[in-house]
Amino acid sequence: MNKIRVRFAPSPTGPLHIGGVRTALYNYLFARKHGGDMILRIEDTDQGRFVPGAEAYIIEALTWLGIKFDEGVHVGGPCAPYRQSDRKPMYRAYADQLMDSGWAYYAFDTSEDLDAKRKEYEQEKKNFQYDASTRDMMSNSLTLPDEEVQRRLVSGIPYVIRFKFPVNTEIHIDDLIRGEVVVNSNLLDDKVLFKSDGMPTYHLANIVDDHTMEISHVIRGEEWLPSAPLHVMLYKAFGWEDTMPRFAHLPLLLKPDGNGKLSKRDGDRLGFPVFPLQWTDPVTKEVSSGYRESGYFPEAVVNMLALLGWNPGIEQEFFSMNELIDLFSLERISKSGAKFDLKKAHWFNHEYLIAKTDEELAGLFIKILEEKNIPVEPVYVAKVCSLVKDRVNFVSEMWEQASFFFVTPQSYDEAVMKKRWKENTPTIMQDVKNMLDGLADFSEQNIHDALHAYSEGKGLGMGQVMIPLRIALVGGTFGPDLQVIAAMLGKEEVKRRIDKILSVTI
RNA sequence: GGUCCGUUCAUCUAAGGGUUAGGAUUCAAGAUUUUCAUUCUUGCCAUAGGGGUUCGAAUCCCCUACGGACUACCA
C-alpha cells in the first residue's frame, strides 16, 4: 500500500473556525496514526475573497494547538509550491487535457446571460441547470461553429471551461464514513473548471493538486459530499482512477442553539469563541474572540474537539494528543452532526486547569496580577493558585476568587452582612483581633486553636466568630479555609482588615 | 423546489439482532465543608413516528416526519 498522505486545504478567506480546526485535527491524527504525511495547502483560487492575514492566522492557530505539518506552504516540501495561486501556471494544461479528450468544453455565456436564464426558469417554477439538457441552447463550443469558437478565443472574448458530464451515468462514491453513495449524472451540472480570470476553480485545482501531491485520503467536511461525484468523475476523466484518494466526509459542527452549521459569521453571538485565536477583521476592525485569548488551554480544546464527532468506544474522557493518535480511526467517526456544548467545554478546561502544577498556574496568573500592578511573590502566588484552582474554569477567573490574597476588600457582600453581622459582632471582632495580636507564632494551627478556644470560652457558635471574620478578610462568604487565609495574609494585615470592617460598620 | 446525508437522554456519545439501553456534561437532591468551591452518593432524562423481516430489532428493510448540507466563473 502506498504511503498515507493527507492534506488540510483551507481557503484563506478569513480566520479558520473550530469546524475547520477539527477537520485539521482529524487529518493530523489519521496521518500520525499511520506514519503518514500531513500537508498544508492553501486554496486561494478565489482572488475576490482573499483576506490578508488569514493564511498566517491559520498557521498560528494550528501551531498553537499542536497540529504539525510535514509539508506545506510554511515549511516547504517536495511538492512545493503549496499555495494554489503559486501553482497557477500548471492548471491550464490539465484543463486543456480535458478539452482534448472531450471531457470539457468552452462556454462563453456571461454572468448576465446565466442570471437571465435562471430568472426565466424560475418564473416557470423550474430550476435552471447548465447540463446535458440545456447546454445545447447555450453559447459554447458544443453549439457554436468551430470557426466562431476560434474567433472568440483569439479575439480575447472571456470564456470558461466547463466539465461535460456524461448523460445518465451512475457515479459511485465509496465514502469511508458514509459507505456507498450513488448519484446519477443527470442531476449534476456542468461545473466550471477554469474561470475567465485564468484561475482554476476549486474543483479542478483540488483534484490536480491531490493527484500531483499523491494524497491518499481526502478527509473533509460533509459540505463537500454533493460535489464528490464531480471529483470522482474528474479522476476518471484524467485517467487517474487507480490512484484516486479514498474519501471521508466528516459530520458538521452545528450551532448550539439549534439550526444550521457553525459558521464564521456566528462570532460571539453564541457566547463562546468560534475561532481558535482572536481575530480582528482587517476591513471592519470587528474583533472576534478566540479560544486562546479566552483562556482555554490548547490541550483542552484538542481533547474537546476530538470528541465532537468521534469517540474511541471506551469510557476514558481525557486524552493527550499522543493517546488520540494511538486510538484514532475513521471508522469510529459518527455520521450525524454534533452540537457544540459550552458547559462541557468549560468542564474540560477546568479539568485541564486543575491538572496543572501550581507553579504553571502561577506563571499564568502572575501576568494578570502584573497588569493590575500587584507586586508578585511567585511562591505566594503558587500557594494562592493551589487554594483557588478548584473553583475556576479559567485562569482569568482566578482574580475574582483570589483578589483578597493581594488587596484589602473594598466592599462587603451586603446580603451576607445583613444576615450575619449581628449586634454583638463588633465586640467579638475586637476580641478576635486582640487575641490574634497576642499570638507569637501566626501559624494556621495556632490561629485555628486560638479561634476555637475563644469561641468555646465565650460559649459562642463557631459561625458567630468565623463568618464575620471571613467577611472582614475576604469580603464575602466564599474562599478557602479561613485559618489558611489569615496565616497567609499575616498578623498585621489581618488586624488592619478587622479595623477596617469595624470602622465602616459602626 | 430538486439532490444527497442524517436522526439514542437537554448536550457529546456507547451498545455492530438477545443488556434493567451504559458513560460523561448539565440540572436537582442529600452527605461533607463553621462560608464558598471541591469531593462523595443519589436522582431526573433517550432509541422521531408507523409498517415490515425475525423466536427476538436502537441495531436490517420500507414509508412518513423532522434536521442538515449542497444547488455560483465561493471554497
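Residues numbered from 1 in each chain as written. Chains lettered and ligands numbered in written order. Predicted model: local features only at pLDDT ≥ 70, side-chain atom pairs only at ≥ 80, totals over all residues. Heavy atoms only, no water.

J.: Could you give an account of the overall build of chain A, naming the residues involved and the relevant values?
T.: Regarding its fold elements, chain A presents 19 helices and 14 strands. What you see for chain A is a C-alpha radius of gyration of 32 Å, clearly larger than the 23 Å of a compact globule of 506 residues, by over 25%. Referenced to the eigenvectors of the C-alpha coordinate spread, the extents of chain A come out at roughly 110 × 50 × 35 Å. Here chain A holds 506 residues, and the buried ones make up 51% of them. For chain A, the share of sequence-separated contacts (at least 6 apart) that also reach a separation of at least 24 residues comes to 71%. When the accessible surface of chain A is summed, it comes to about 23,800 Å², and 50% of that surface belongs to carbon and sulfur atoms. (Helix = DSSP H or I, 4+ residues; strand = E, 2+ residues; numbered from the N terminus. Rg over C-alpha atoms; globule rule 2.2 N^0.38 Å. Buried < 20%, exposed > 50% of the residue type's maximum accessible area, 1.4 Å probe, protein only. Contact = heavy atoms within 4.5 Å. Areas by Shrake-Rupley, 256 points an atom, 1.4 Å probe, with all protein chains shown as cover.)

J.: Summarise the protein's contact with RNA strand B; cite the residues concerned and give the values.
T.: Around RNA strand B, the surrounding shell holds 55 residues, and the nearest of these are Arg178, Asn311, Glu317, Arg391 and Met466. Here RNA strand B approaches the protein such that, of its atoms within 4 Å, sugar and phosphate make up 74%. A distance of 3.3 Å is found between a base nitrogen of RNA strand B and a backbone nitrogen or oxygen belonging to aspartate 109. Glutamate 317 places a polar side-chain atom, nitrogen or oxygen, 2.4 Å from a sugar or linking oxygen of RNA strand B. Listed by contribution, the elements that provide at least two residues to the surface near RNA strand B are helix H4 (111-123), strand S5 (160-163), strand S14 (338-339), helix H10 (342-354) and helix H17 (462-474). Taken together, the residues of the surface near RNA strand B break down into 18 nonpolar, 14 polar and 23 charged. (Near = heavy atom within 4 Å. Polar contact = N/O pair within 3.5 Å; in protein donor to acceptor, adjacent residues only side chain to side chain. Nonpolar A, V, L, I, M, F, W, Y, C, P; charged D, E, K, R; others polar.)

J.: Can you explain the pairing of strand S9 (residues 217-221)? Please cite residues and give values.
T.: Across the five residues that make up S9, a large majority, five, are buried. In the classification by handedness, the crossover that spans S9, the intervening helix H7 (residues 228-238) and the parallel strand S10 (residues 246-250) is right-handed. (Right-handed = clockwise from strand over helix to strand, strands pointing away.)

J.: For the side chain of aspartate 209, give the residues involved together with the corresponding values.
T.: Along the polypeptide, aspartate 209 turns up in helix H6 (residues 202-212). Overall, the relative accessible area of 0% leaves aspartate 209 in the buried class. Once you skip the residues sitting within four places of it in the chain, aspartate 209 turns out to touch Arg41, Gln84, Arg87 and Tyr91.

J.: So, the packing of aromatic side chains: which residues are in play, and what are the values?
T.: This structure, assessed with the given rule, holds 29 aromatic pairs. Note on tyrosine 94 and tryptophan 240: the rings are 5.8 Å apart at their centroids and 70° apart in plane angle, and the pair reads as edge-to-face. With tyrosine 94 in helix H3 (residues 88-100) and tryptophan 240 in the loop between H7 and S10, the pair connects residues that are 146 residues apart, well separated along the chain. The buried category is assigned to tryptophan 240, whose relative accessible area is 10%. (Phe/Tyr/Trp six-rings, centres within 6.5 Å; stacked < 30°, edge-to-face > 60°.)

J.: For the pairing of strand S6 (residues 170-175), give the residues involved together with the corresponding values.
T.: Covered by surrounding structure in S6 are Ile171, Ile173 and Asp175 only, the residues Glu170, His172 and Asp174 on the alternate face being uncovered. Following S6, the chain reverses through three residues before pairing antiparallel with strand S7 (residues 179-184). (Pairing = 2+ DSSP bridges.)

J.: Describe in detail the pattern of salt bridges, supporting the description with residues and values.
T.: Considering all chains together, one arrives at 33 salt bridges under this definition. Where glutamate 492 meets lysine 495, a salt bridge forms, and the shortest distance between an N and an O atom there is 3.3 Å. In this pair, glutamate 492 and lysine 495 both sit in helix H19 (residues 491-505), three residues apart, roughly one turn of the helix. On the basis of relative accessible area, glutamate 492 is assigned to the partly exposed category, the value being 44%. (Salt bridge = Lys/Arg side-chain N within 4 Å of Asp/Glu carboxyl O.)

J.: I'd like a description of the nonpolar core, backed by residues and values.
T.: One finds Ile67, Phe405 and Val432 to be the most contacted residues of the largest nonpolar core, which totals 158 residues. Among the elements that take part in this core, helix H1 (residues 18-33) stands out by supplying nine residues, more than any other. The contact partners of isoleucine 67, leaving out residues within four places of it in the chain, are Val21, Ala24, Leu25, Tyr28, Met38, Leu62 and Met321. Membership of the second largest hydrophobic core comes to nine residues, among which are Ala107, Tyr121, Tyr130 and Val192. (Core = buried A, V, L, I, M, F, W, Y, C linked by side-chain atoms within 4.5 Å.)

J.: Describe the environment of leucine 142, listing the residues and the values that go with them.
T.: For leucine 142, the location among the structural elements is in the loop between H4 and helix H5 (146-154). Take leucine 142: its relative accessible area is 38%, and that puts it in the partly exposed class. Separated by 35 residues in the primary sequence, leucine 142 and alanine 107 place their C-alpha atoms 8.5 Å from one another. Aside from chain neighbours lying at most four places away, what touches leucine 142 is Tyr105, Arg135 and Lys164.

J.: Can you lay out the packing of helix H15 (residues 425-437) against H19 for me, pointing to particular residues and giving the numbers?
T.: Look at H15 against H19: their axes get within 10 Å of each other, and the N-to-C directions meet at 165°. By the angle between their axes, H15 is roughly antiparallel relative to H19. As for how H15 packs across H19, the hand of that crossing is left-handed. Packed against H15, whose contacting residues are Pro426, Met429, Gln430, Val432, Lys433, Leu436 and Asp437, the element H19 presents Lys491, Val494, Lys495, Ile498, Asp499 and Leu502 at the interface. Class assignment for the residues of the contact of H15 with H19 results in seven nonpolar, one polar and five charged. (Axes fitted to C-alpha atoms, helices over the stretch in contact; angles between N-to-C directions. Parallel < 35°, antiparallel > 145°, perpendicular 65-115°, else oblique. Left-handed = near helix turned anticlockwise from the far one by under 90°.)

J.: Run through the side chain of glutamate 71, naming residues and quoting values.
T.: Looking at where glutamate 71 falls in the secondary structure, it is placed in strand S3 (residues 71-72). A relative accessible area of 6% means that glutamate 71 is categorised as buried. At a separation of 2.6 Å, a polar atom in the side chain of glutamate 71 contacts the side chain of tyrosine 82.

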